[in-house]
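# Fold and contact review
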Amino acid sequence: MARSTVTPVDILHRWQAGVSVALEDDRPLAKALRSEGKPSKTIARDFEHLAFWELASDLRSRAFGITSDNVADVVRCKTDLFFSILDELHTLPLKSTIFLESLWNLWLPLAMQLSTEKQSLNRPLIQGILGGQGTGKTTLCQILRLILGKLGYSTVSLSLDDLYKTYADRQQLQKADPRLIWRGPPGTHDIDLGIAVLDNLRRFQTRELAAVDNPKSDALKPDIIKNIEIPRFDKSACGGAGDRSQPEIISGADIVLFEGWFVGVNPVVDAKLNEFLAGAPFPISTEADCRFARDMNAKLHDYLPLWNRLDRLMVLYPQDYRISQVWRNQAEQEMMAAGKSGMSETEINRFVEYFWKALHPELFIKSMVEGDRVDLVIEIMSDRTVGKICRAIDLKLSD
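Residues numbered from 1 in each chain as written. Predicted model: local features only at pLDDT ≥ 70, side-chain atom pairs only at ≥ 80, totals over all residues. Heavy atoms only, no water.

The subject of this paragraph is the overall build of the protein chain. Along the protein chain, the regular secondary structure elements total 16 helices and 8 strands. When each of the 399 residues of the protein chain is scored for burial, the buried share is 48%. Across the protein chain, the fraction of contacts at a sequence separation of at least 24, relative to all contacts at a separation of at least 6, is 76%. For the protein chain, the accessible area works out to roughly 19,500 Å², and carbon and sulfur atoms hold 50% of it. (Helix = DSSP H or I, 4+ residues; strand = E, 2+ residues; numbered from the N terminus. Buried < 20%, exposed > 50% of the residue type's maximum accessible area, 1.4 Å probe, protein only. Contact = heavy atoms within 4.5 Å. Areas by Shrake-Rupley, 256 points an atom, 1.4 Å probe, with all protein chains shown as cover.)

Here the focus is the environment of Asn-329. As for its placement among the helices and strands, Asn-329 is situated in helix α13 (residues 323-337). Given the relative accessible area of 10%, Asn-329 is considered buried. Sequence separation between Asn-329 and Met-343 is 14 residues; the distance between their C-alpha atoms is 8.5 Å. In contact with Asn-329, not counting residues within four places along its chain, are Glu-345, Ile-348 and Asn-349. A distance of 3.0 Å separates the side chain of Asn-329 from the backbone oxygen of Gln-325, its partner in a polar contact. (Polar contact = N/O pair within 3.5 Å; in protein donor to acceptor, adjacent residues only side chain to side chain.)

Time to look at the sheet that holds strand β2 (residues 155-159). Two orientations exist for strands paired in a sheet by backbone hydrogen bonds: parallel and antiparallel. Ordered by their spatial adjacency, 6 strands build an open sheet running β2-β5-β1-β6-β7-β8, and the pairing between neighbours is mixed. Both outer strands of the open sheet, β2 and β8 (386-391), are each paired with one neighbouring strand and no more. Strand-to-strand twist of the sheet, defined as the mean angle between neighbouring strand axes without regard to direction, takes the value 20 degrees. Strand direction decides the pairing type here: strand β1 (residues 125-131) and strand β6 (residues 312-318), joined by 5 bridges, are parallel. Directly across from Gly-131, in β6, lies its bridge partner Leu-316. Taken strand by strand, helix α15 (residues 361-370) contacts β1, β6 and β7 (376-380), and its axis lies near 130 degrees from that of β6. (Pairing = 2+ DSSP bridges. Axes fitted to C-alpha atoms, helices over the stretch in contact; angles between N-to-C directions.)

With that settled, the discussion passes to the side chain of Ser-102. Along the chain, Ser-102 turns up in helix α6 (residues 96-118). Residue Ser-102 is classed as buried on the basis of its relative accessible area, which comes to 7%.

Right, let's get into the pairing of β2. A regular strand places its side chains so that they alternate between the two faces of the sheet. The element β2 is extensively covered by neighbouring structure, given that 5 of its 5 residues are classed as buried. Relative to strand β5 (residues 255-260), β2 runs parallel, the two being bridged by 5 bridges. Within the sheet, the bridge partner assigned to Val-156 lies in β5 and is Val-256.

Next up on the list: helix α1 (residues 8-16). Among all positions in α1, only Pro-8, Val-9, Ile-11, Leu-12 and Trp-15 are buried. Mapping the buried residues of α1 onto a view down its axis gives an arc of 160 degrees, with all of them on the same face. Looking at the buried residues of α1, the elements they touch are α3 (41-56), α5 (71-85) and α6. (Arc of directions from axis to C-beta.)

Turning our eyes to something else, we now look at the pattern of salt bridges. Throughout the structure, instances matching the rule amount to 19 salt bridges. Linking Asp-190 and Arg-244 is a salt bridge whose minimum nitrogen-to-oxygen distance equals 3.4 Å. Placement of the pair is Asp-190 in the loop between α8 (167-176) and α9 (191-213) and Arg-244 in strand β4 (residues 243-250), with a sequence separation of 54 residues. For the salt bridge of Asp-199 with Arg-309, the shortest nitrogen-to-oxygen distance reads 2.9 Å. A residue pair is termed long-range when its members are at least 10 positions apart, and Asp-199 in helix α9 and Arg-309 in the loop between α12 (304-307) and β6 qualify at 110 residues. (Salt bridge = Lys/Arg side-chain N within 4 Å of Asp/Glu carboxyl O.)

In this section: the side chain of Glu-259. With respect to the helices and strands, Glu-259 occurs in strand β5. The buried charged residue Glu-259 lacks any salt bridge, with Lys-137 as its nearest oppositely charged partner at 4.5 Å. Of the polar contacts made by the side chain of Glu-259, one reaches the side chain of Ser-159; its length is 3.3 Å. Not counting chain neighbours up to four residues away, the residues in contact with Glu-259 comprise Ile-129, Lys-137, Cys-141, Leu-158, Ser-159 and Leu-160. (Lys, Arg positive; Asp, Glu negative; His and termini not counted.)

A separate point is the nonpolar core. In terms of nonpolar packing, the biggest core is built from 59 residues, with Leu-201, Phe-258 and Phe-262 touching the most fellow members. The element that contributes the greatest number of residues to this core is helix α14 (residues 345-358), accounting for 7 residues. Those residues in contact with Phe-258, other than ones at most four positions away along the chain, are Gln-127, Gly-128, Ile-129, Leu-158, Ser-159, Leu-160, Leu-163, Leu-198, Val-263, Leu-306, Trp-307 and Leu-310. Core analysis: the next-biggest nonpolar cluster, separate from the first, contains 51 residues, Trp-15, Ile-43, Leu-100 and Leu-110 among them. (Core = buried A, V, L, I, M, F, W, Y, C linked by side-chain atoms within 4.5 Å.)

Right, here's the structure in full:
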């Protein structure tokens, strides 16, 4: 197939405007496909172009298991999903070309992949999402929940932030270690709470399925199956220090999206850490900074039982980790422009650099991408567009 100059975004824009959509059928995909029982010439060409683009990126096609044998089915499924959410796109952070590129290249195929993975389990699928500030974790979870809902799955989002210790507990923690001036670093979370929540979700689904298979078992009667409390954290409470809020009550979920700035991050060996610190990477400059980095690395061992509950792990990987400081400044300026309180540029820089001192992205995130725990790597460019989408193993081979 010759290289096409027509991009998926060109086609989606046209479909969105209704140019290629026949409206006489109620089914979303049929609206696009049917013209007297057959695809129109325009739609046939659109599908040919879309199939070409699915296979144009070797990294992305391998990441989502797209081959010349299944590409037609993939395009039809993505198209069906696109039309199923078309009426709801206005509720999302729509940014024209950037949004549609991410939708077609990442969000739709990722939702389809999670659906396939879930079908092989008799319990919820727990997807870990690792990403720093501004990498789009919240937007990703919001849109995945919408798409997965169209596929018939109930989804719940859980943030590492939701697992913070209470305000009172963190006050005591800060007295014991004055370096913990902000919530966020390893040690400020209730790990046992996180383990309990994920285990409850797993047991809940397993019991429901077992009860269907063995309805006469007293141990599996429906009245013992209770709702699950999902912890939530209010960052505005206690003068901005934050505290637990009322938990969200759910009746189970098929897929759990567990996101956070160091979700899944493993400790690095001391020799590797010491070698990294010897280079005095900004903003680590003093011996006290080095001690803090070593102590935070040691604290990561406590999180391993929580990470072991993850079925999959993806990384939102900024092209340059330092851009998160720019993104945070932009977010604060937007908040203040809207009349809300926010931090000054100096305060923001100190805040971001504090987290870099705890777990430096240049070491810890790169170590994760180079390890064997990550399934999917999503490169985030400086303008927040999506760059490479690939398996971690393919990223290593391409570097």
